[in-house]
Amino acid sequence: MASMEEDFPRGGTAKKPTESQIVVQRSEVDNLFQSSEQSETKKRKGGDKDDGKKIKNIKTGKGQDDALKLNAAGNLVEILHIKNLKEGMLFLGCVKEVTDFEMTVSLTCGLKGFLSIKNISDSYTKLLTEHLNSDEALTEDFLSLPHLFIPGMVIRCVIAKIDLTKEGSLSIQLSVNPKMVNKLLASSSVKTGMVLSGFVESVEDHGYIIDIGVSGSKAFLPKNAVKDKHNNPEELNVGQYVTSLVEKVKNEGRVVQLSIIPKTITQAFAEADQGWTLTNILPGLLVKATINKVTKHGLFVKFLSNFSGQVDFLHMEPEKASHYKEGDEVRACVLYVDPSTRLVGLSLHSYLLPGARVHTAHPSGIQIGQVVENCKMTVLHHASGGVLELPNKTQAFVHKNHMKEQSATANENRTLAKTEHTCRILDFCLIDQIYFASLRESVIKKPFFRYHDIHPGQIVEGTVSVLFEHGMIVHLSDHIKGLVPRTHLSDIVLRNPEKKYTGGMKVKCRVLSVDAENRKLSLTRKKALIESSLPLFLSYSDARPGRVSHGYIVCVKNFGCIVRFFNNVKGLVPLNELSCESIVSPEEVFYVGQVVKIKVLHCDVENEKLVLSFKAAVEGNVEEPLKSDFECDVGKKVDARVLKKLVRGFEVAILPDEIPAVLPTMHLTDHLSNGPLLWESLQEGDTISNLVCFYKNKQNITLTKKPTIKWALEEGILAKDFSEITVGLQLFGWIKNIMAYGVFVEFPYGLVGLSPKSAMTEKFIPDATTPFELGQTVIAKVTNIDEEKRRFLVTLKMSEVISPVGDQLTRLTNGLQERRAVTEMLSLKENCDLQHQLSNLTIGQKVKLTVDSVVDTHATFKSDGLISATIMATKNHFIGLNLSPGQKVTAVVLFVDILSAHVHVSILPRLLSKKKSLTEGAKYASTVQFVEKDFAVISLGDTAQLAIIQTRSHLNEVVLHDAERLKPGMTFYVEVIDRTCEALQGLPLVSWERNPDKRQRTISETQTATKGNCFGDIVRGTVRSVKPTCIQITLENGILGSVHVSEVLELDQIGRGSFPTSTIKVGSKVTARVIGGREITSHRFLPFSHPKFKFNCPELTLIPNKLEASDFKPVIAKEKLGSYSVGEEITCFVSKFHPDKKSLEITTDPNITGTVELLAIITDPKDAGHPEKLYKLGQAVQAKVVDVSLKPQRFVLSLTGSYELAKDGVCVGVVTNVLPHGLQVKLPFGGSGTVAVTDLSDAYKHNTLESYSKDQLIKCYLLGCENGKWHLSLRQSRINPGQKKSVKDTEVLSLDSLEPGQIIRGYVKTVIEHGVFIRLSRRITGRAQLQKSTQYFISSHKILADHLPPNTVLTTQILSIDKKGELVDLSLLPVDTGKADVLPESLGLPLRLVGEKKEKHNMKRKRRLSDSQQKETQTKKIKSKKSKVDDSDSGVEVYFREEENETKPAPGKSSAGQARLQVVGGFSWDVGLSSLKPVSVDHNGDSSDGEDQDTSSKSKKKTRHELEQGKKDAEKALMKREIELMNPNLRPEDGAAFERLLLASPNSSLLWLQYMAHHLQATQIEQARAVAERALKTISFREEQEKLNVWVALLNLENMYGTEESLKKVFERALQFCEPMPVYQQLADLYAKSDKAKEADALYKTMVKKFRQNKAVWLSYGTFLLQQGQSDAASALLQRALKSLHSKDSVDVIAKFAQLEFRYGDVEKGSAMFDKVLTSYPKRTDLWSVFIDLMVKHGSQKEVRVLFDRVIHLSVSVKKIKFFFKRYLEYEKKHGTAQSIQKVKEKAMEFVESKGTEASS
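Just so it is clear, the structure is predicted and the values come from calculations on it, not from any experiment.

This part covers the overall build of the chain. A count of helices and strands for the chain gives 45 helices and 73 strands. In the chain, buried positions account for 46% of the 1801 residues. Intrachain contacts of the chain at a sequence separation of at least 6 include 61% that bridge at least 24 residues.

With that settled, consider the pattern of salt bridges. A full pass over the atoms with the stated rule returns 43 salt bridges. Between Lys644 and Asp542 there is a salt bridge whose closest N-O contact spans 2.6 Å. One end of the pair, Lys644, is in strand S31 (residues 637-645); the other, Asp542, is in the loop between helix H12 (527-530) and strand S26 (548-557), with 102 residues separating them in the sequence. Judged by relative accessible area, Lys644 falls into the partly exposed class, the value being 23%. Here Asp542 falls in the buried class, since its relative accessible area comes to 7%.

Its location among the elements puts Asp1381 in the loop between helix H25 (1374-1377) and helix H26 (1396-1404). For Asp1381, a relative accessible area of 13% corresponds to the buried category. A distance of 2.9 Å separates a polar side-chain atom of Asp1381 from the backbone nitrogen of Leu1383. In this structure, Asp1381 is in contact with Thr1334, Gln1335, Tyr1336 and Pro1374, ignoring residues within four places of it in sequence.

Let us look at the sheet that holds strand S63 (residues 1222-1226). The strand order around the closed barrel formed by five strands is S62-S63-S64-S66-S65, and the pairing between neighbours is mixed. On average, each strand axis in the sheet is tilted by 50 degrees relative to the strand beside it, whichever way the strands run. Where strand S62 (residues 1210-1219) meets S63, five bridges bridge the pair, whose relative direction is antiparallel. Looking at the pairing, Val1214 lines up with Lys1226 of S63.

Glancing now at the sheet that holds strand S42 (residues 858-862). Pairing is mixed in the closed barrel, where five strands are placed in the order S41-S42-S43-S45-S44. Within this sheet the neighbouring strands show an average axis-to-axis angle of 55 degrees, counted without direction. Taken together, the three bridges between strand S43 (residues 870-874) and strand S45 (residues 902-906) define a ladder with parallel strand orientation. When the sheet's bridge partners are listed, Met872 is paired in S45 with His904.

As a further point, take the confidence of the model for the chain. On average, residues of the chain carry a pLDDT of 80, and 84% of them reach 70 or more. Confidence over residues 621-630 falls short of pLDDT 50; this stretch has 17 contacts with residues more than four positions distant or in other chains. This stretch, residues 1080-1084, has a pLDDT under 50; its non-local contacts, to residues over four places away or in other chains, come to eight contacts.

Where two aromatic rings form a pair, the distance of their centres and the angle of their planes describe that pair. The full count for this structure, using the stated rule, is 31 aromatic pairs. A ring pair is formed by Trp1591 and Phe1617, whose centres lie 6.1 Å apart and whose planes are at 15 degrees; its orientation type is stacked. Residue Trp1591 is found in helix H33 (residues 1584-1601), and its partner Phe1617 is found in helix H34 (residues 1604-1617); the two are separated by 26 residues along the sequence. On the basis of relative accessible area, Trp1591 is assigned to the buried category, the value being 3%. You can call Phe1617 exposed: its relative accessible area is 60%. Relative to Tyr1771, the ring of Phe1748 has its centre 5.9 Å away and its plane inclined at 40 degrees; by these criteria the two rings are tilted.

All right, on to the environment of Gly275 then. Locating Gly275 in the fold gives a position in the loop between helix H9 (262-266) and strand S11 (286-295). The spacing of Gly275 and Leu304 is 29 residues in sequence and 9.7 Å in space, taken between C-alpha atoms.

With twelve residues, helix H6 (residues 122-133) should cover 16 Å at 1.5 Å per step; its first-to-last C-alpha distance of 16 Å lies within 8% of that length. What H6 keeps buried is the set Ser123, Tyr124, Leu127, Leu128 and His131. Viewed along the axis of H6, the buried residues span an arc of 135 degrees, placing them on a single side of the element. Residues of H6 that are exposed and point more than 90 degrees away from the buried face comprise Lys126, Leu132 and Asn133. If you follow the buried residues of H6, they end up packed against helix H7 (145-148) and strand S6 (195-203).

What follows is about a positive patch on the surface. A surface patch of like charges, here positive, comprises Lys166, Lys481, Lys1723 and Lys1795. Turning to its location among the elements, Lys481 is positioned in strand S23 (residues 481-485).

As a further point, take the pairing of strand S71 (residues 1367-1371). One ladder, built from five bridges, connects strand S70 (residues 1353-1362) with S71; its direction is antiparallel. Across the sheet, Ile1361 pairs through a bridge with Val1368, a residue of S71.

Pairing analysis gives five bridges linking strand S29 (residues 595-604) to strand S30 (residues 609-613), with the strands arranged antiparallel. Bridge assignment links His602 to a residue of S30, and that residue is Val611. Linkage of S29 to S30, two consecutive antiparallel strands, is achieved through a turn of four residues, within which Glu608 is found at a positive phi near 55 degrees.

So, how was this worked out
- Here the residue numbers are simple positions, counted from 1 along each chain's written sequence.
- Reporting in this predicted model follows two pLDDT cut-offs: at least 70 for local features of residues, and 80 or more for side-chain atom pairs to be given and counted; totals over whole chains, interfaces and linings ignore these cut-offs and use all residues.
- To get the side-chain values, take all heavy atoms of the structure and skip hydrogens and water.
- Working definition: helices are DSSP H or I runs of at least four residues, strands are E runs of at least two. Numbering for both runs from the N terminus.
- Relative accessibility decides the category of a residue: with a 1.4 Å probe and only protein chains considered, values under 20% of the type maximum give buried, values over 50% give exposed, and everything between is partly exposed.
- Contacts are assigned to residue pairs with any non-hydrogen atoms lying within 4.5 Å of each other.
- Definition used for salt bridges: Asp or Glu carboxyl oxygen within 4 Å of a side-chain nitrogen of Lys or Arg.
- Definition of a polar contact: a pair of N or O atoms within 3.5 Å, with one able to donate and the other able to accept a hydrogen when the atoms are protein atoms, and with sequence-neighbouring residues admitted only if both atoms are side-chain atoms.
- Criterion used throughout: strands pair if DSSP finds at least two bridges between them.
- Note on geometry: axes are C-alpha line fits, over the in-contact stretch for helices, and angles between N-to-C directions span 0 to 180 degrees.
- Per-residue confidence from the predictor is reported as pLDDT, which spans 0 to 100.
- Each pair of aromatic rings taken from Phe, Tyr and Trp, with Trp reduced to its six-membered ring, is defined by centres within 6.5 Å and is described as stacked if the planes are under 30 degrees apart, edge-to-face if over 60, and tilted in the remaining cases.
- One less than the number of residues in a helix, times 1.5 Å, gives the span that helix is expected to have.
- This arc corresponds to the set of directions leading from the helix axis out to the C-beta atoms.
- Put simply, a patch holds well-exposed residues, over 30% relative accessible area, that have no salt bridge, with like charges counted together within 9 Å and Val, Leu, Ile, Met, Phe, Trp or Tyr side chains within 5 Å.
- We get accessible surface area from the Shrake-Rupley algorithm with a probe of 1.4 Å; when it comes to residues, only the shown protein chains can shield them.
- A positive count includes Lys and Arg, and a negative count includes Asp and Glu. His and the chain ends are not counted in either.
- Throughout, a charge is located at the NZ atom of Lys, the CZ atom of Arg, the CG atom of Asp or the CD atom of Glu.

Have a look at this one:
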């Protein structure tokens, strides 16, 4: 208990244990003040005194007035948002929907809560539990939820819990349990006149015990107090909800008598003397309120003396909204109460009364989910949302979140300024009695918003959600899901459906049935049902006798099969109709779920009975005789009568034989905007003429009225079968289906081709579903055919297809004639004067009108002859004119919409002036005046003439962006074709093109272009231009031809290096011959036999022999290519150089091109930098064929004179890898090889491989080839044998060239315990044993390995040669090689003993054993006491190994004898050994005594002791010096020391910076600058980071000691040599650290503009702003960052900014940012973990626990939830109590039980 008090401190002195217990009992209430109140209530009785004591306990002062400061009025009235809801809030709700186990409750502001059957009352829960545990059926006294609650009932409820759904949205769980609703009421607080809610707990003889939830109180309702006819005594049962009035209170509230007289309850106002407080006030109470303040968004009121509340605009009476004023007294009803914040919301609506019921019917008949157009925004409340006025004057509220897309930025001004809005009705709030709508485009365009939007038989696409035993759940949208029964998962029964379906998979289904009221949707995945082309039976009236359709078997009996169709239509197939053969047992033949084709034999619509047949469906599918089928062939013109009008089209009967057929809506016209008009005008019984059959099978005949398709069928531009389809064939079709990867185009005879996304248009299209519409007529050209799968691809690109001559004008006249026909039909059928009058109006007609109204966007007019029509002119059609209501004007008609009775006019003077005559063929500047989907009205210059054009100039034209669409005011030129066209009702016929520069070829143009240019034709022309690789000739017929460089001269006349095209001059007349064609778009050469040749420009030849040849035949590319052989030398011409590949493209023929790689172009590596300079375009060269093949086509050439690699040859190669033993090299013609380290040079040198790098070009000598790999040599003696240069290290070709005793050099290969292996040549390796490697004694081969790295050059002597074993024994000893030892003397290693010296040593060894042991002991002591110095310690570790020395030590001074110095700190190269003067090891065997005598002779005054002491002092000085030099933390003290260190490490920025700091300490600013400049020049360019460090130091120097100008110059220099982003960042950090906030802010602004795509820049700027305390600026910066960065970075950026808010800014703001992100992305557990860490550090314990409770209910993997439970438990162990720890454990157990084995594992 104490721990709970610590977690939630109440202030004041410590309380008694009894009081603490009370606090714990009330701890679930989110109110820091309530516990104190309850404890005081227990202590002191009496309402008035209690209140006073409670107020004192709150520590806000004395008296009630002070307490009410917690309930003070705010500055802004805002509707209640879901984010502001908390557990414990009380609401007045209205029952919306009731099911058996749950009901939906409508709350204010469009919120919805869910009330479970478990949260009704304790008595009802107990009764329910008893019935569930008993085996008996439910008794009559137990009522289910639908019997207890009815829609419209007003109830009091409390938020019990706020859950997070799987989709990440919040779900409000409510409770009406009186113990929760009235829990803040004490028994002593119950007063007479109070209105309380409760439930019937039990039924007694004289009345009912009512559970009102007040502890210590019993409430009784006498039967004589039940006067309502709806609540008579017989109807009250246990669990019934009652709203009652307190009549009497006895025994200080322990006994309460109630009544439920409705009239009394609805007039019972709450009074101040009833003891209501802000803590226990209840929703639904009627109060008398006084208006305290009136605002645009609502009212602030006072009630019950001094309580403050607010009334939002949704709950003000609409008719009185403008009349409210301060001081008015109004009747109000408490709507909601937040006990924690003391916020009270009230309503002024008169229909909200205690125990009342509200209307559930929607006003004006608008349905939920309906899309409503032409809505007007009347009021905008920036903190809440806006109010729309629907066309029928009904109001709808749009929440501020639904006024924009989720990712878009709110722009309320633009929303308010928009004249008309389109919205979707989301819901109808019963409490608010107003529609809630959305303006989001994504919501409006949703195909399915509710179950009512889905119809049986519809094909839908959804996402697989879950698989279970009975089937599969498929989500069609966020709130709509359907069931695919197990038998409908496939055409066959799936044993393992999980192998076919996985979660998240997209599937196509067909709707079997829809129960919109119960939200049940049944789907099928059976392919036969989805793809069925037979008519669907959606009702029994559809199943007419003789019709054939597909169904599925639902039951198999011995008397037949029951077959079900869509929408639960079903029928019986009798036993005798199952098959032509006798079937005894149908169960053995048929199975449930089988898709079958049936024919209807008999249909009884009234009794819903069907008799079907399988047998008849097989024998014949239609009841009409077969002879009728043959009377309607594809392409035949027919007339038809409409039988039935369907959504997708019409069922018609072909006259006169009444043959059934189908006319789809999309086939009514080429203009999709005319389709709905034609569909609306046609009715059952109408006759449609001029139809053409385009597809026929046994089941259906399909007709079309599309003019383009009819013309194609008449002209025969079609393919009747797949076998007739060829590449290049052009067809006319229509869009059948649109997918994400392309569109399917259907053609007559049922052929379907696919146009991939890349072939749909020349433009880039991000979404393939936007360019074309279903049913749109298109021109397609076949590009690819798959014979095996019988599929073909087509292109819809405008540049690839050819429009028929006059297509644009023909389509225009057809479309307008269709419009005219619709107008006439509607005017005749409607039988209305207005329709007749509208049909008589024509475009361009002048009419007399009267101005009705004028607003900013448009003006409306009235006309005596068009009383009910809407006549309007947009703003641009009366601009510059002053109009006033009642003014008489003359207008010109622009457009008439007969369906909506809208007439668009213009009163511009230039359109009303006298018309001027037009000239045919002339061009006029036109201006667009009016635009609709397919047509636009334009005015022609100043002629006052109007014309109509199509908005699309081509059938396949794609308009993706708004800027490409025609808009009023747009101008362009048109050409007049006909001054007065009858088809256009006298308007001029004009032509126009959107892009005149990109003309589309017509058939006539193409035929003219190719006329007479056949293969072999002799043509004449004039040279237009001469290029290195081709000549362009203008022929006499105006066509442009091309001559390839190889077709100018005979090969024998072409000299090497010459340019053939230079012999032809521009303007000269030439005679040529056609040898082929070239494609205009790709310039690809096409041979004469190519089917597209007629559309290409001709390819010519000027060679005389070909001009004179009588039997001139074409040469096919394959034949020409096959005539070349490898090694053949041919004449070629340079055509192109590829810089990226560094390869040359050369050509031998117009249609043959070969490639030459870089290594086959150059013979000298120096030419590799610019190989293109060696050869010019069009130059004739001699090349050798390296490789030629036909499949795949490959033609590789060489310009080096060779075509293959040969031994002893020389070529250029590229280093591909540098290995320890040599180089790997890529060679020409696909070869590769290696260069051994001994073949790199004629003179060996150390680290010779360092001079080579990857991709370096080298000249190689080919030694030989083994296993496809070449051995190479780079020795100049090999490459250039003629040069007379001495060879220092000759090649070792074999062992025969070696002799014992020979001195030879080689490279170290490796050093191991067996010796040093030395590479003498590519094949031969010698070995020097360890004793032959050095004269010093070494204990391990590692000493040699450290000093002899691989590829070290060594001089050796050959000791012996074993030719059989191919072994060469070597010696590295100085006595053999004459060179210094391989190990330096400075190592102090002992010499190896040999001969007599070794024998003497062995004899004396035993005598000196004891002395040796004593010496070793002393040595160890010296090592452990390095820092101590005494008379016997020299300060240097001395290891004396007697077995390795040969001279006697001085008597009594064994440690000073022939010892070897080993310095701990390392050896100093700047201090000589002479300063130490130790007794050195002499090769001549001089003893130490002799050297001592020599020393003493030089200084006779010094004794031996003094000499020894001098040696020790020298050793100490050396030791000290070496330790100083080896200490990495010790900085040099002078410039010389720095210079010495920089020689060793020139690339170390640390040393350079220390050197700069050394000068700055001495205030030598210029010297420090000079050091920085030296560093920038010295450090290698590869060390980018090291250079950046120096630049940063220089910037820092200038910032501290320089001027602003010098700093700017250094900064600009740094940007030139470094990556800009780090330099900007470093300077910004310098400014921030040096308190130059203004400069830092300006620099950051530049950075976010320059590096807007860099996430780190935005985060760095945000950090800076928050450190400066600019929280608002940081928030604005975040919004800018989200717009600039990629959408995938948005979540991380917001999370980072939220962390920065925690660290530097506002903790609450950071918490809100995290909460918003995690609401949208609840599965980002990494962000949850960060959020928890931050809240633990910065938040309260309560907030942390709330956060943990949210995260453990996430829909993520079990493993992650376990992790959060573990953290939760650790937190409670550290900060919580035993009770809180136990609660976490219980929650964990509940989680494990709910997840089962998955969690336990």
